[in-house]
Structure formats: structure tokens, C-alpha cells
2 protein chains.
Amino acid sequence: MAGERYFVGLDVGGTTMKCAVVNDHGHPLSAPAVMDTHPERGQDAGLETMCETIRRAVAAANLTLDDVTAIGVATPGLMDIKAGLILDPPNLKPWKNVPVRDHIKGVFKKPTAYQNDANAAAYGEFWVGAAQEAKSMVLFTLGTGVGGGIIINDVIIEGEHSHGGELGHLRIDTPDRGRICGCGARGCLEAYASATNVVRRAREDMAAYRGTTKMRQYYTANDDVFTARVIFDLAMGGDELAIRVVDDTAYYLALGASALISTVDPDMIVFGGGMVGAGERFRSLIDGHVKRLGLTYPTKSVKITFASLGSDAGFIGAAGCARLLVQQAKPA
Amino acid sequence: MAGERYFVGLDVGGTTMKCAVVNDHGHPLSAPAVMDTHPERGQDAGLETMCETIRRAVAAANLTLDDVTAIGVATPGLMDIKAGLILDPPNLKPWKNVPVRDHIKGVFKKPTAYQNDANAAAYGEFWVGAAQEAKSMVLFTLGTGVGGGIIINDVIIEGEHSHGGELGHLRIDTPDRGRICGCGARGCLEAYASATNVVRRAREDMAAYRGTTKMRQYYTANDDVFTARVIFDLAMGGDELAIRVVDDTAYYLALGASALISTVDPDMIVFGGGMVGAGERFRSLIDGHVKRLGLTYPTKSVKITFASLGSDAGFIGAAGCARLLVQQAKPA
């Protein structure tokens with residue numbers, strides 16, 4: 001084991017924190033330590049929970065802190081990545097201006113990397129996941145919202161104001177006609193393709209649909225559990241209206257992807273999050289729309305894939321950011 | 001002069017080639033040497049003209065080739081930047097698969113950088129032009145078409161298939177309703193904001209406009225010289241319809257800019273090309289629309305400026321790429 005390096009990756013979410021020790025090849029040494037975030041208990045409690053989750057992960061790996069080379073922490077935005085600060089994230093209320101990086105660095109006395117959670121997930125997929133063969137990649141993460149990350153040759157596009165890869169707010173329809181997004185603007189990708197908005201569009205489509213559809217039967221009986229997952233399952237089962245909702249979702253995602261082809265022109269575009277469960281049929285729907293909508297020359301070669309690390313991408317990517325930090329600090 | 005390094009920058013266009021020797025601080029040592037490209041004479045003649053333009057530039061700088069550290073060449077696409085090849089560019093017909101970089105390198109025995117012309121112009125503005133204080137920048141170049149370039153911390157986003165920063169083909173309206181672009185797709189920024197399409201929109205607006213407008217008088221008398229420049233001049237003079245056309249142009253450009261804010265989140269967005277002549281009023285129109293349309297947090301701080309190097313940006317940027325090549329080859 002001489003020379004093997006270990007990196008701690010901590011992924012802080014609005015509900016839980018996940019943390020594991022990851023080796024130099026991106027493999028977690030144990031199942032992640034998981035603790036509830038309880039943002040409502042305040043940021044000092046939050047910082048202490050982060051430290052405790054890290055300690056539990058190190059213990060779960062049968063290591064001590066002396067074995068750890070560096071630590072990586074990922075949190076949701078708003079944040080100031082360069083300053084290592086959580087600013088004012090909507091799903092960590094009432095936290096404000098929390099000096100995450102300096103706190104963790106001070107407690108553990110280790111080089112500490114700090115990154116946006118979606119960027120970290122993208123880096124995880126780039127390092128050891130779906131995009132490990134790619135030289136550059138874009139990740140769209142589909143969940144309650146739509147997040148994103150852009151990696152080019154081992155560089156994470158953080159943005160000058162920590163908003164690089166905010167792909168949920170890429171506009172895919174015009175500001176006068178587009179659907180209204182949670183951010184207040186019209187036409188954002190998130191207003192079409194987040195799980196929440198897939199459900200919303202399905203309801204609207206049902207209201208306008210004259211035919212019979214299992215979606216309507218399901219919705220009437222189970223309106224409290226009418227989720228994007230249910231819609232994708234009904235589509236898999238052949239329901240015509242559900243198929244249309246799913247195909248529209250693929251179309252909207254392809255519009256987002258084609259904007260990234262004309263700007264970043266990546267090697268690979270990866271989709272992650274719950275909808276990935278819909279499998280190859282959904283991937284090939286997105287791929288087909290991308291081929292039709294993207295700029296011809298680069299679109300011929302771009303690869304459209306699904307993420308492979310699931311919800312581990314965040315902490316693996318955070319550990320990868322810690323590793324990057326140490327590599328970049330080394331003289332070339 | 002001991003230790004001063006000199007870089008040759010050559011910008012190959014469909015009509016002319018421009019070349020100058022540039023010092024380590026980005027200052028050209030003379031007015032550029034200019035020669036006609038004559039693509040119709042074939043690619044061997046084209047390569048020889050490139051070499052001759054380089055020789056003339058070195059002579060104009062009162063230097064010899066021994067004084068030159070490296071050479072940078074910029075050409076329009078389609079191209080393979082990594083391979084140093086012109087592929088099949090529409091405005092260099094009938095050239096095909098021209099090994100530009102290896103040819104220049106072979107003739108002059110100097111390290112030779114190769115770059116897309118719009119990327120080179122962006123790097124020129126980043127190095128010593130409008131964005132020299134910026135850490136990251138996006139350039140939109142407005143001409144017959146709309147080109148672009150993205151620079152992040154001295155790295156040019158070339159794209160995996162040499163299509164990074166193809167900002168003219170960023171979609172700002174949907175594929176079913178948008179204006180038709182020269183590339184065949186609907187909704188590309190270029191279909192709205194290139195000089196050609198500004199004129200086209202002005203004609204359409206005139207046809208639908210019931211009021212009196214100097215634009216119509218001008219067009220009737222001078223339909224062969226009804227250019228974007230004329231429309232911008234009439235807007236400056238207060239013509240209501242011309243003002244609307246110009247404001248719409250600013251709106252479309254701001255839609256393009258806001259897509260870059262959500263993906264790259266740059267420090268600065270720079271607009272270059274002929275329309276820059278319209279001055280501060282046009283810049284502030286774009287800025288106003290960006291503030292309204294961009295993602296709130298990063299948009300508060302992003303700077304919207306006009307390019308400052310004019311048509312010298314290409315060869316200065318090409319020389320800058322040569323300088324980058326030499327820096328990157330050095331051990332850190």
C-alpha cells in the first residue's frame with residue numbers, strides 16, 4: 001500500500017450529506033457515511049455535521065486521518081467557489097456566507113478543495129464514470145431541478161461568478177413564449193425537463209388529450225404519487241400520451257445539448273439523475289433529436305450517454321477535486 | 001533588445017491574408033502585410049501566398065527569420081485544429097484538406113500554432129484588447145456571419161471537433177418557429193444578427209410598417225447599398241423603424257450572451273465587427289437586454305464591451321497563439 005493516496009469526498013445536499021474515502025483510482029473504500037443535513041439547525045451545526053460525516057467515512061474505510069492526502073467538499077449553490085464560501089443557497093436555508101473550505105481545512109489540517117455539487121458530479125463521471133474515456137464532457141443532471149457541469153481536459157468550468165454549467169437555466173424557448181421557470185425567467189430548460197416539470201407538462205397534456213390514456217387513470221387514482229418515474233414507466237408500457245411526454249422531454253434535453261455543442265463542442269454529453277432509469281430507449285430518443293438539432297459537423301461525432309455513478313457521483317467527484325488540487329499544486 | 005521575443009501572426013481570410021510580427025506585449029511592429037488570398041487559384045498557390053505574406057511581414061518589421069520565436073496561423077473553418085488542417089471551408093473553395101501547420105512549420109522551421117480565425121481574434125482581444133483585464137471572455141464577431149470565441153484563463157475553447165465557440169449557430173428561437181439560417185437550421189443567432197440578416201429583417205419590417213421612415217426612402221433610392229451600417233446610421237439619426245431594427249438586434253445578441261452566461265459564466269462578453277461602429281448607444285442597448293435576460297447572479301457582474309483591436313485582432317491573436325504554444329512547451 002506504500003504510496004497509495006486516499007481522498008475524502010463529501011457531498012452536502014439539502015437533506016443529507018454523503019461522504020466516503022476514495023482511492024487514487026476513484027474507487028470508494030466503503031459505502032458512504034450518510035448524515036442528515038438539518039439546515040434548519042443553523043450553519044454551525046451544519047459545519048459540525050460535515051466534520052462528523054468526514055470522521056465516520058474515514059473510520060468506515062478503516063483508515064485514520066493520517067492516511068488522507070486531501071479533502072474535497074461539494075455543496076449546492078449559491079456559492080463562491082474561489083473563496084470557498086456557501087453564500088445563500090435556497091435548499092440550505094437559513095445558512096448564509098458559510099466559510100466551508102476554511103473550516104474543514106482548519107479542523108483537519110489537510111488541503112481542501114471546494115466545488116459546486118453538480119460540477120463535482122460531472123467531474124466524478126469524467127474521472128471514473130460514463131465519461132472516463134472522454135477528453136471533454138457536459139453533464140445534465142435531471143432531478144427536482146436541472147443542474148449541469150462542464151469539464152474540458154481535466155478543467156472544471158466553474159465560471160467567473162461560480163455559475164459555470166448552470167444548464168438548467170439555458171433558454172430553450174423565447175422569453176416571451178417560454179414556460180415560466182422557478183427562477184422567474186421564461187424558457188429555461190429546467191421549466192421543461194426537471195422531474196417536477198415533466199409531471200406538470202404531463203398534467204397539461206392530459207387536460208388537452210381526448211383519447212384514453214393510462215396516465216389519466218393512474219393520476220385519478222394516485223394523484224399524490226404521480227411522478228416523472230410513473231410517466232416514464234407508462235411510456236415503457238406503450239401508453240401513447242406518456243410516450244409523447246417522454247419524447248417531448250428528450251426533445252427539450254436535446255435542445256439544451258445542441259446549445260452546448262455550438263459553444264463547448266464536447267466529446268461526450270452525459271445525462272444523469274432519476275430519468276436515466278428509463279434506459280436505452282430514452283437515451284436513443286435524446287440522441288435522435290440531438291442528431292437533428294445540433295450543428296452538423298460536431299454532432300456527427302458527439303457521444304450521448306447516461307451517467308454511470310448514480311448518486312455516488314457527487315462524493316466521488318468531490319474526492320476527485322481534492323486529487324486535482326494536489327496534482328495542480330505539484331510542480332509539473 | 002536582448003531577450004525580446006517576436007511572434008509572427010498570420011490571419012487568412014476568404015479575400016485577403018494579413019500578417020505582422022508582434023512583440024511579447026502584443027504590439028505589431030509594423031502595419032500588416034496584406035496579400036489577396038485568391039482561393040480559386042488552388043491550395044498550393046494559397047500555401048505559397050501564406051509563406052510570402054509571412055516573409056513580407058518579417059521584412060516590414062526590419063527583422064530576419066532568425067529573430068522570430070514562433071509563428072501562428074489563423075484560418076476560417078471547417079478545420080481540424082489539432083491536426084493543423086484546413087478541411088473544407090465554404091469561403092476558401094476549392095481548398096480541401098490543406099496541411100497548413102505542417103507546411104508553414106516545414107518552410108520556416110519554427111514552432112507553428114494553428115487556430116480558428118474567430119478564436120484567434122478572441123484571443124487577441126483577451127491578450128491585449130478589450131478583455132485584457134478579464135480572466136475569461138466570450139467574443140461575438142458580427143460580420144457577414146456571426147462568429148465567436150471563448151477564452152477561459154488563457155485556454156481557448158477549441159472544442160473536441162474544432163467547433164468550440166461556434167456562436168453564430170447558437171439557437172435563440174425554436175427549431176419550428178425560428179428564422180432559417182444559412183446552415184439550414186432554424187433559430188440560429190446568425191439568422192438574426194449577422195449584417196446580412198439585419199438588412200433582411202429591416203426589409204421585412206419596412207414591408208409591414210405603416211408609418212413614414214427614412215429607411216424606406218433610403219432603400220428606394222439606394223437599394224444596392226442598403227447595408228446594416230446605413231440602418232445603424234439612420235437609427236442614430238432618430239428614425240423610429242431603424243431604431244426598432246437596431247434594438248431588436250441588441251435583443252437577439254443579448255439572448256446569445258445570456259446562453260453563454262448560463263454555460264461559461266465569463267468575466268466579460270465582447271462584441272466585435274462592423275456593428276461596433278454604432279457605439280455606446282448600441283452597447284448599452286445590448287447591456288440592458290442582457291441584464292433583463294441573463295441569470296441574475298452572474299449577470300450582475302458580467303461586463304459587456306466592444307472589441308478594441310478591429311480587424312487586427314486576428315493576426316495579433318494568431319501571434320498570441322504562437323506565444324502560448326512556446327509558453328506551454330516550457331516546463332512550468
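Residues numbered from 1 in each chain as written. Chains lettered and ligands numbered in written order. Predicted model: local features only at pLDDT ≥ 70, side-chain atom pairs only at ≥ 80, totals over all residues.

Asks: Help me understand unusual backbone geometry in this model?
Replies: Excluding glycine, a negative phi dihedral is what most residues carry, and trans is how most peptide bonds are arranged. For the peptide bond that leads from A:Lys93 to A:Pro94, omega is 5°, which places it in the cis range. Here A:Pro94 shows up in the loop between strand E6 (85–86) and helix H2 (100–108). Here the residue pair B:Gly77 and B:Leu78 is connected by a cis peptide bond, since its omega of 0° sits within 30 degrees of zero. Backbone geometry places A:His38, a non-glycine residue, at a positive phi of 45°. (Helix = DSSP H or I, 4+ residues; strand = E, 2+ residues; numbered from the N terminus.)

Asks: I tried to follow the nonpolar core on my own but got confused; where do I start?
Replies: The nonpolar side chains of a soluble globular protein tend to be buried, and buried together. The biggest cluster of nonpolar side chains holds 226 residues, and the ones touching the most others in it are A:Val8, A:Leu10, A:Ile231, B:Val8 and B:Ile231. Excluding residues within four positions of it along the chain, A:Val8 makes contact with A:Cys19, A:Val21, A:Ile54, A:Ala57, A:Val58, A:Val68, A:Ile71, A:Gly72, A:Ala319 and A:Ala322. (Core = buried A, V, L, I, M, F, W, Y, C linked by C-beta atoms within 7 Å. Buried ≥ 20, exposed ≤ 12 C-beta atoms within 10 Å, placed from the backbone. Contact = placed C-beta atoms within 7 Å.)

Asks: Would you mind going over the sheet that holds strand E4 (residues 68–75) of chain B with me for this structure?
Replies: All names here are of chain B. Pairing within the open sheet is mixed, and its five strands lie in the order E3-E2-E1-E4-E7. The two strands at the open ends of the sheet, each matched to only one other strand, are strand E3 (33–36) and strand E7 (112–116). The average angle at which neighbouring strand axes cross in this sheet is 20°, direction not considered. Pairing between E4 and E7: five bridges, direction parallel. If you follow Thr75 over to E7, its bridge partner there is Asn116. (Pairing = 2+ DSSP bridges. Axes fitted to C-alpha atoms, helices over the stretch in contact; angles between N-to-C directions.)

Asks: Mind showing me how you'd approach helix H7 (residues 228–236) of chain A here?
Replies: Because each turn of an α-helix spans 3.6 residues, side chains separated by three or four positions end up pointing in the same direction. Residue and element names in this part refer to chain A. Buried within H7 we find Ala228, Ile231, Phe232, Leu234 and Ala235. Projected onto a plane normal to the axis of H7, the buried residues spread over an arc of 160° and lie on a single side. In the segment just after H7, Gly238 is the residue with positive phi, at about 100°. (Arc of directions from axis to C-beta.)

Asks: Can you walk me through the environment of B:Gly320 in this structure?
Replies: Residue and element names in this part refer to chain B. With respect to the helices and strands, the residue Gly320 is situated in helix H11 (residues 313–329). Given 29 C-beta atoms within a 10 Å radius, Gly320 is considered buried. Those residues in contact with Gly320 that lie beyond four places of it in its chain are Gly26, Tyr123, Gly124 and Trp127.

Asks: Just to check I follow, could you spell out the relation of the copies chain A and chain B for this structure?
Replies: A rotation about some axis, followed by a shift along it, carries one copy of the chain onto the other. For the match of chain A to chain B, the screw axis carries a shift of 0.0 Å, the RMSD comes to 0.0 Å, and the turn is 180°. The relationship between the two copies is best expressed as a two-fold rotation axis. When the interface residues of chain A are mapped onto chain B, 100% of them are again interface residues, pointing to one common binding face. (Least-squares fit on C-alpha atoms with pLDDT ≥ 70 in both.)

Asks: When you look at the interface of chain A and chain B in this model, what are you seeing that I'm missing?
Replies: Interface size is commonly expressed as the accessible surface area that is lost when the partners come together. On the chain B side, the residues contacting the 38 residues of chain A number 38 residues. For the side of chain A that touches chain B, the secondary structure elements donating two or more residues are strand E9 (146–152), helix H8 (240–263) and helix H10 (296–301) of chain A. In terms of residue count, the dominant contributor to the side of chain A that touches chain B is H8(A) (six residues). Class assignment for the residues of the side of chain A that touches chain B results in 19 nonpolar, 12 polar and seven charged. (Nonpolar A, V, L, I, M, F, W, Y, C, P; charged D, E, K, R; others polar.)

Asks: Mind showing me how you'd approach the pairing of E9(A) here?
Replies: For a regular strand, side chains alternate in direction, first toward one face of the sheet and then toward the other. Residue and element names in this part refer to chain A. Of all seven residues making up E9, seven are buried, and the element is well covered by its neighbours. Here E9 shows two buried faces, one formed by Val146, Gly148, Ile150 and Ile152 and the other by Gly147, Gly149 and Ile151. Sheet analysis places strand E8 (residues 136–142) next to E9, joined by seven bridges and oriented antiparallel. Across the sheet, residue Met137 finds its bridge partner in E9, namely Ile151. Following E8, the chain reverses through three residues before pairing antiparallel with E9. The pairing of E9 with strand E10 (residues 155–156) spans two bridges and is classified as antiparallel. Across the sheet, the residue bridging to Ile151 is Ile156, located in E10. Where E9 folds back onto E10 in an antiparallel hairpin, the turn is made up of two residues, including Asn153, whose phi is positive at roughly 50°.

Asks: Hey, could you run me through the pairing of strand E2 (residues 16–23) of chain B in this one?
Replies: Residue and element names in this part refer to chain B. Summarising burial for E2: six of the eight residues are buried, a large majority. One ladder, built from seven bridges, connects strand E1 (residues 6–12) with E2; its direction is antiparallel. When the sheet's bridge partners are listed, Asp11 is paired in E2 with Lys18.

Asks: What exactly am I supposed to notice about the domain arrangement of chain A here?
Replies: Residues and elements named next belong to chain A. For chain A, the domain assignment lists domain 1 (6–124 + 312–329) and domain 2 (132–307). Each of domain 1 and domain 2 was reduced to a C-alpha centroid, and the two centroids are 28 Å apart. Looking at the side of domain 1 that touches domain 2, the elements with two or more residues in it are strand E5 (79–80), strand E7 (112–116), helix H3 (117–128) and helix H11 (313–329). Take the side of domain 1 that touches domain 2: its biggest share by element is five residues, from H3. Split by residue class, the side of domain 1 that touches domain 2 holds eight nonpolar, four polar and one charged. (Domains from an automatic or database assignment.)

Asks: Is there a simple way to think about the environment of B:Thr213 in this case?
Replies: Residues and elements named next belong to chain B. One can find Thr213 in the loop between helix H5 (195–208) and helix H6 (214–221). Look at Thr213 and you get buried, because 21 C-beta atoms sit within 10 Å. Along the primary structure Thr213 and Glu240 are separated by 27 residues, whereas in three dimensions their C-alpha atoms are 7.0 Å apart. Sequence-distant contacts of Thr213, defined by excluding residues within four places in its chain, comprise Met206, Asp239, Glu240, Leu241 and Ala242.

Asks: Can you help me understand the confidence of the model for chain A in this one?
Replies: Segments scoring low in pLDDT should not have their predicted coordinates read at a detailed level. Of the residues in chain A, 98% reach a pLDDT of 70 or more, and the chain-wide mean stands at 96. As a predicted assembly, this complex carries a pTM of 0.96 together with an ipTM value of 0.96. (pLDDT = per-residue confidence, 0-100.)

Asks: Help me understand the packing of helix H6 (residues 214–221) of chain A against H7(A) in this model?
Replies: A packed helix pair is summarised by two numbers, namely the angle formed by the two axes and the spacing between the axes. Residue and element names in this part refer to chain A. H7 packs onto H6 with a crossing angle of 145° between their chain directions and a minimal axis gap of 10 Å. The chirality of how H6 crosses H7 is right-handed. Across the interface between the two elements, Lys214, Met215 and Tyr218 of H6 pack against Val230, Ile231 and Leu234 of H7. The residue makeup of the contact of H6 with H7, split by class, is five nonpolar, no polar and one charged. (Left-handed = near helix turned anticlockwise from the far one by under 90°.)

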